[in-house]
Amino acid sequence: MYNFDVEKPGTIAEAAAAMGADEAQALGGGQTLIPTLKQRLASPSTLVSLRGVAEMQGITRDGDSLRIGGATTHAAVAADGSYPALSALAAHIGDPAVRNRGTIGGSLANNDPAACYPAAALASGATIVTNTREIAADDYFQGMFETALDEGEIITAVRFPIPQAAHYEKFVQPASRFALVGVFVAKFADGVRVAVTGASNEGVHRWAEAEAALSADFSAGAIDGLSVSADNLIADLHGSAAYRAHLVKVMTGRAVSAAS
Amino acid sequence: MTKVTMTVNGKAVSGDVEGRTLLSSFLREDQGLTGTHVGCDTSQCGACVVHVDGAAVKACTMLAAEADGAEVNTIEGQANADGSLNVIQQAFQDHHGLQCGFCTPGMVMSAAALLKDNPKPSEQEVRDYLEGNICRCTGYHNIVKAIMAASGQDVPAMAAE
Ligand SMILES: Cc1cc2nc3c(=O)[nH]c(=O)nc-3n(C[C@H](O)[C@H](O)[C@H](O)COP(=O)(O)OP(=O)(O)OC[C@H]3O[C@@H](n4cnc5c(N)ncnc54)[C@H](O)[C@@H]3O)c2cc1C
Ligand code: FES
Ligand code: FES
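Because the structure is predicted, anything quoted here is derived from the model rather than measured.

Chemist: Could you give an account of the domain arrangement of chain A, naming the residues involved and the relevant values?
Modeler: Residues and elements named next belong to chain A. Its domain assignment divides chain A into domain 1 (5-49), domain 2 (54-161) and domain 3 (165-258). On a C-alpha basis, the centroid separation for the pair domain 1 and domain 2 is 18 Å. In total, domain 1 and domain 2 occlude about 900 Å² of area from one another, counting both sides; carbon and sulfur atoms represent 66% of this. Among the residues domain 1 hides against domain 2, the three largest losses belong to Ile12, Met19 and Gln31. Together they make up 55% of the total. Between domain 1 and domain 2 we count 0 salt bridges in total. Across the contact surface, domain 1 and domain 2 share 1 residue pair in polar contact (both at pLDDT 80 or more). Here the residues of the side of domain 1 that touches domain 2 are counted per class, giving 4 nonpolar, 6 polar and no charged.

The following block contains the structure:
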């Protein structure tokens, strides 16, 4: 690792000010960033550690909406249970030690094409709250590792509408424990949203045909007639594009069957 | 360099660290606590698991500066006060839960974290909890047996036997 300074702000305002420094970078749980730094793939001059910002910690429920502080760990979300499908997703990210450090803000900022939280945020129609604005999930994810965040912008919280029924079905890539393909299905009064992670070179995305079919008939059989194109899907030694296309449909069906 | 102060195995310690100093480096190189092993550079093997404020974390994936003011427990603090092996360590010995022993500090620290939250885990819960702890020698069965035994439960008959 190249060397850097570590800042530990106590408030969002202090964190935002620290992010204004030349080559400053946010540090959430470090579960992605520290391995990246070890490989010398990044060389920030200052890391701004967000774990100590009290306003960015914790989970509060307000009616049918859940607000999760940007520095809240996967373990805390897993333990919460107000949005059961989201807690179940968090409980299966990586391993216990990763969940004790990694944060929801870090996961969404990173937008790994095989990460779990992006699927939950997109399928739930969540709102990404930053130190300067609010961004709808539909506008936030902009392709593999690409997001709407500006330089120095900090995810301070994420707001999730709690659906009537939801489930995340993850086909685990056994070496990394990320999703080979993961599908999050969320049923709301005004329709169903389906988000797919792990599959596409474009990163997390919605599956419009499945949403239409499931909004008309929320049963696994409703997608029987659909097929997923392998065009532009990820192909690597863990699975071909055609295999991932097949998994998208299978995982969607399982997610619908398991949704509660 | 900045000064960090933390409690390690009940003892207050301090030292000067760079921003990039990992907690694992601080423990091993500054404090001479080489029981915390470093098996990978990719945050995947779990040989370096320690407890920070009671939670299992990978010491190789946390900065020493982030542990300033924290309570840290390592494998060196696990034995009983009289120096004898604690229940988990003894169970690893009794059930042959280690071969080369490289993964064992992380296994014991993960097991301790599991049993603190879940004193009577099922075999499946033990296996799930160890997802981030890799062992190249044992094939895991004897590790799972040791943890089941340490929790005071019958040692399961393993499917592979
Ligand atoms: C062994 C292992 C297994 C894993 N398995 C999974 C898995 O199954 N599914 C999954 O989804 N993930 C998995 N992960 C990734 C894990 O969830 C990370 O914790 C997460 O992707 C990054 O969160 P973090 O808080 O650790 O962020 P960091 O690593 O600290 O930061 C990641 C990036 O986000 C930026 N950042 C951090 N916080 C903020 C913020 N609040 N606002 C703006 N930018 C910010 C950083 O500058 C950096 O660019 C795994 C990681 C490991 C090591
Ligand atoms: S050395 Fe920490 S996970 Fe491998
Ligand atoms: S005993 Fe050798 S790696 Fe586990």
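Chemist: Can you tell me about the packing of aromatic side chains, naming the residues and giving the values?
Modeler: All names here are of chain A. On inspection of all chains with the given rule, the structure shows 5 aromatic pairs over all chains. Ring geometry for Tyr83 against Phe184: centres 6.3 Å apart, planes inclined by 85 degrees, an arrangement best described as edge-to-face. Note that Tyr83 is positioned in the loop between α3 (74-80) and α4 (84-91) and Phe184 in strand β10 (residues 179-188), a separation of 101 residues in sequence. The same class applies to Tyr83 and to Phe184, which are both buried. Consider the rings of Phe171 and Tyr243, whose centres lie 6.4 Å apart with planes at 90 degrees: the pair is edge-to-face. Of this pair, Phe171 sits in strand β9 (residues 165-172) while Tyr243 sits in helix α10 (residues 241-258), placing them 72 residues apart in sequence. With a relative accessible area of 29%, Phe171 lands in the partly exposed category. Three or more aromatic residues joined by ring pairs form one cluster here, namely Tyr83, Phe160, Tyr168 and Phe184. Taking the ring centre of Tyr2 as reference, the NZ or CZ of Arg40 above it sits at 4.1 Å.

Chemist: A description of the sheet that holds strand β4 (residues 55-58) of chain B should follow, citing residues and the corresponding values.
Modeler: Residue and element names in this part refer to chain B. Here 5 strands make up an open sheet; going across it, the order is β2-β1-β5-β3-β4 and the pairing mixed. Here the strands that pair on one side only, and so sit at the sheet edges, are β2 (11-17) and β4. Pairs of neighbouring strands in the sheet enclose a mean axial angle of 40 degrees, with direction left out of account. In terms of strand pairing, strand β3 (residues 49-52) meets β4 through 4 bridges, oriented antiparallel. Residue pairing across strands places Val52 opposite Ala55, the latter belonging to β4. Relative to the sheet, helix α1 (residues 23-30) contacts β1 (2-8), β2, β3 and β5 (71-73), its axis offset from that of β2 by approximately 105 degrees. Of the strands in this sheet, β3, β4 and β5 touch helix α3 (residues 104-117), which is tilted by about 40 degrees from β3.

Chemist: Explain the interface of chain B and chain A to me, using residue names and the numbers behind them.
Modeler: If you look at the interface, chain B gives 21 residues, while chain A gives 26 residues. Interface area, chain B with chain A, both sides summed: about 2100 Å², of which 55% is carbon and sulfur. Together, Arg20, Thr61 and Glu66 of chain B form the three largest contributors to the area buried by chain B at its contact with chain A, with a combined 28%. Joining chain B to chain A, the criterion identifies 3 salt bridges. On the surface where chain B and chain A come into contact, there are 10 residue pairs in polar contact (both at pLDDT 80 or more). In terms of residue count, the dominant contributor to the side of chain B that touches chain A is β4 of chain B (4 residues). When its residues are assigned to classes, the side of chain B that touches chain A shows 9 nonpolar, 5 polar and 7 charged.

Chemist: How would you summarise the site of ligand 1 if you had to cite specific residues and measurements?
Modeler: All names here are of chain A. Taken together, 33 residues lie near ligand 1, and Ala26, Gly29, Leu33, Thr103 and Arg177 sit nearest. Arg177 is positioned with one of its backbone polar atoms (N or O) 2.5 Å from an oxygen atom of ligand 1. For the shell around ligand 1, the secondary-structure elements that each account for two or more residues are β2 (24-27) and α6 (104-110). Of all the elements, α6 adds the most residues to the shell around ligand 1, at 4 residues. In terms of residue class, the shell around ligand 1 is built from 13 nonpolar, 16 polar and 4 charged.

Chemist: Talk me through the nonpolar core; I want residue IDs and the actual numbers.
Modeler: Residue and element names in this part refer to chain A. Counting 38 residues, the largest nonpolar core has Tyr83, Leu86, Leu108, Tyr117, Tyr140, Phe160 and Phe184 as the members making the most contacts within it. Counting only elements with at least two residues in this core, the list comes to β5 (65-69), α4, α6, α7 (117-124), α8 (137-140), β8 (155-161), β9 and β10. At 6 residues, α7 tops the list of elements feeding residues into this core. For this core, the domains that each give at least three residues are domain 2 (54-161) and domain 3 (165-258). The residues contacting Phe160, other than those within four sequence positions of it, are Asp64, Ser65, Leu66, Ile68, Tyr83, Leu86, Ile104, Ala120, Ala121, Ser124 and Ala126.

Chemist: Explain the domain arrangement of chain B to me, using residue names and the numbers behind them.
Modeler: Residues and elements named next belong to chain B. What the domain assignment lists for chain B is domain 1 (2-74) and domain 2 (87-150). Computed over C-alpha atoms only, the centres of domain 1 and domain 2 are separated by 21 Å. Every contact between the two is made by 16 residues of domain 1 and, on the other side, 13 residues of domain 2. The junction of domain 1 with domain 2 conceals about 990 Å² of combined surface from both sides, 61% of it contributed by carbon and sulfur atoms. A per-residue breakdown of the area domain 1 buries against domain 2 is headed by His37, Val49 and His51, which together make up 39% of the total. Viewed at the interface, domain 2 and domain 1 are joined by 0 salt bridges. For the pair domain 1 and domain 2, the number of links is 6 residue pairs in polar contact (both at pLDDT 80 or more). Counting only elements with at least two residues in the side of domain 1 that touches domain 2, the list comes to β3 and β4. Along the lines of polarity and charge, the residues of the side of domain 1 that touches domain 2 split into 6 nonpolar, 9 polar and 1 charged.

Calculation rules
Here, residues in each chain are numbered from 1, in the same order as that chain's written sequence. Chains and ligands are labelled by the order in which they are written, letters from A for the one and numbers from 1 for the other. In keeping with the model being predicted, local features are shown solely for residues with a pLDDT of at least 70 and side-chain atom pairs are shown and tallied solely at 80 or more, while totals for entire chains, interfaces and linings include all residues. Side-chain descriptors were evaluated using all non-hydrogen atoms of the structure, hydrogens and water having been removed beforehand. Domain delimitation in this document rests on an assignment produced automatically or drawn from a domain database. In this description, buried area is defined as the sum, over both parts, of the accessible area (probe of 1.4 Å) that is lost when the two are combined. Any Lys or Arg side-chain nitrogen found within 4 Å of a carboxyl oxygen on Asp or Glu counts as a salt bridge. Under this definition, polar contacts are N or O atom pairs within 3.5 Å; protein pairs additionally need one hydrogen-donor-capable and one acceptor-capable atom, and for neighbouring residues in sequence, both atoms have to be side-chain atoms. Under the scheme applied here, ten amino acids are nonpolar (Ala, Val, Leu, Ile, Met, Phe, Trp, Tyr, Cys and Pro), four are charged (Asp, Glu, Lys and Arg), and all others, including Gly, are polar. For Phe, Tyr and Trp, rings pair up if their centres lie within 6.5 Å, where Trp contributes its six-membered ring, and each pair is then called stacked (planes under 30 degrees apart), edge-to-face (over 60) or tilted (otherwise). By definition, any uninterrupted DSSP run of H or I lasting at least four residues is a helix, any uninterrupted run of E lasting at least two residues is a strand, and each is numbered from the N terminus. Think of it in three bands: residues with accessible area under 20% of the maximum for their type are buried, residues over 50% are exposed, and the middle band is partly exposed, with areas taken using a 1.4 Å probe on protein chains only. Any Lys NZ or Arg CZ found within 6 Å of a ring centre and within 35 degrees of that ring's normal is scored as a charge over the ring. The pairing criterion for strands is at least two bridges between them, as found by DSSP. For every element, the axis is a line fit to its C-alpha atoms; helices are fit only across the contacting stretch, and the angle between N-to-C directions ranges from 0 to 180 degrees. We call two residues in contact when some of their heavy atoms are within 4.5 Å. Here a residue counts as near a molecule or strand whenever at least one of its heavy atoms sits within 4 Å of it. To define a nonpolar core, start from buried Ala, Val, Leu, Ile, Met, Phe, Trp, Tyr and Cys residues and group those joined through side-chain atoms within 4.5 Å.

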